[in-house]
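One letter stands for each residue in the lines below.
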Amino acid sequence: MRHWLMKSEPDEVSVDDVAAMPKKTVPWFGVRNYQARNFMRDHMQVGDPVFFYHSSCPEPGIAGIARVASPAYPDATQFEKGKYFDAKSTHENPRWMNVDVQLVKKIRLVGLPELRAHPELADMTILQRGNRLSITPVTKAEWEFIVALAAKPAP
DNA sequence: GCCAACGTTGGC
DNA sequence: GCCAACGTTGGC
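Here's a quick rundown of the structure. (Residues numbered from 1 in each chain as written. Chains lettered and ligands numbered in written order. Predicted model: local features only at pLDDT ≥ 70, side-chain atom pairs only at ≥ 80, totals over all residues. Heavy atoms only, no water.)

1. A word on the side chain of Thr77
Relative to the assigned elements, Thr77 resides in the loop between β5 (73-74) and β6 (97-98). A distance of 3.1 Å separates the side chain of Thr77 from the side chain of Arg32, its partner in a polar contact. Discounting chain neighbours no more than four positions away, the residues touching Thr77 are Phe29, Gly30, Arg32, Tyr84 and Phe85. (Helix = DSSP H or I, 4+ residues; strand = E, 2+ residues; numbered from the N terminus. Polar contact = N/O pair within 3.5 Å; in protein donor to acceptor, adjacent residues only side chain to side chain. Contact = heavy atoms within 4.5 Å.)

Here is the structure:
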C-alpha cells in the first residue's frame, strides 16, 4: 500500500463538493500530465490512502483524507468538448486515465506554511521548489506525521 | 497580476 | 535527438 497526495483546485472540486457527492466519491478527472497519470494507472491500488490537497486558492493545504476507490479507467472528459478535451485521444487508445477518489473525512486545513514549518516534512515532494506535479507519493512517516498534526488544534 | 519552474511541442 | 519557444502550474 502506498500513500498519496492529490491536488485539486477547490473552485473546481473541493472537499466539501466531494462530501456532497453520492458515496462521497468523484472521478479524479482532468489530469493531463503523464507522470501523474502513470501514478494512477500503474501504482495506485484501491484502498490506498490519499491526502486531498487544495491548490491555487487563498489557503492552499491539506483539507481532507480520502482513499483510492477504483482502478484507473479512461477519463471521460478527454472526449467531451471543454477544457479537458484532447483531440489526439481515441476511445480505442485513450491517453488519459483517472481513478475514483472517495472522501473518508474532512480535516482541519493543514496549510502550506504549517507543513513547511516541520523539518520532518522537509522532503515532501509538494514542498520542493518548482514542484508542480498534481499527484505525488507520500511516505508512511510523512502520512502519519500529518495525520497526527491534523488531530491537534491549528497553530 | 507576477513570475519561477517545469512539461510539451515542433522545427531542424 | 536537440533545444528554443511556448503554455501551464501554483504560490505569493
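Continuing now.
2. Section: helix α2 (residues 34-43)
Of all the residues in α2, the buried ones are Ala36, Arg37, Phe39 and Met40. Taken down its axis, α2 places every buried residue within 155° of arc, on the same side. Tucked inside the fold, the buried residues of α2 contact β1 (3-8), β6 and β8 (135-138). Its side-chain oxygen 3.0 Å from the backbone nitrogen of Gln35, Asn33 forms the N-cap of α2. (Buried < 20%, exposed > 50% of the residue type's maximum accessible area, 1.4 Å probe, protein only. Arc of directions from axis to C-beta.)

3. Some thoughts on the protein's contact with DNA strand B
Within the structure, DNA strand B sits among Asn33, Tyr34, Arg129, Gly130 and Arg132. Here Arg129 contributes a side-chain N or O atom positioned 2.2 Å from a phosphate oxygen of DNA strand B. Arg132 has a polar side-chain atom sitting 2.7 Å from a base oxygen of DNA strand B. For the surface near DNA strand B, a count of residues per class yields 1 nonpolar, 2 polar and 2 charged. (Near = heavy atom within 4 Å. Nonpolar A, V, L, I, M, F, W, Y, C, P; charged D, E, K, R; others polar.)

4. Structural notes on the sheet that holds strand β4 (residues 61-68)
One open sheet accounts for 6 strands, arranged β2-β7-β4-β3-β1-β8; its pairing is mixed. Strands with a single pairing partner mark the edges of an open sheet, and in this sheet they are β2 (25-27) and β8. Across the sheet, the mean angle from the axis of one strand to that of its neighbour is 35°, orientation sign disregarded. Here β4 runs beside strand β7 (residues 100-111); their pairing, made up of 7 bridges, is antiparallel. Residue pairing across strands places Ile65 opposite Lys105, the latter belonging to β7. (Pairing = 2+ DSSP bridges. Axes fitted to C-alpha atoms, helices over the stretch in contact; angles between N-to-C directions.)

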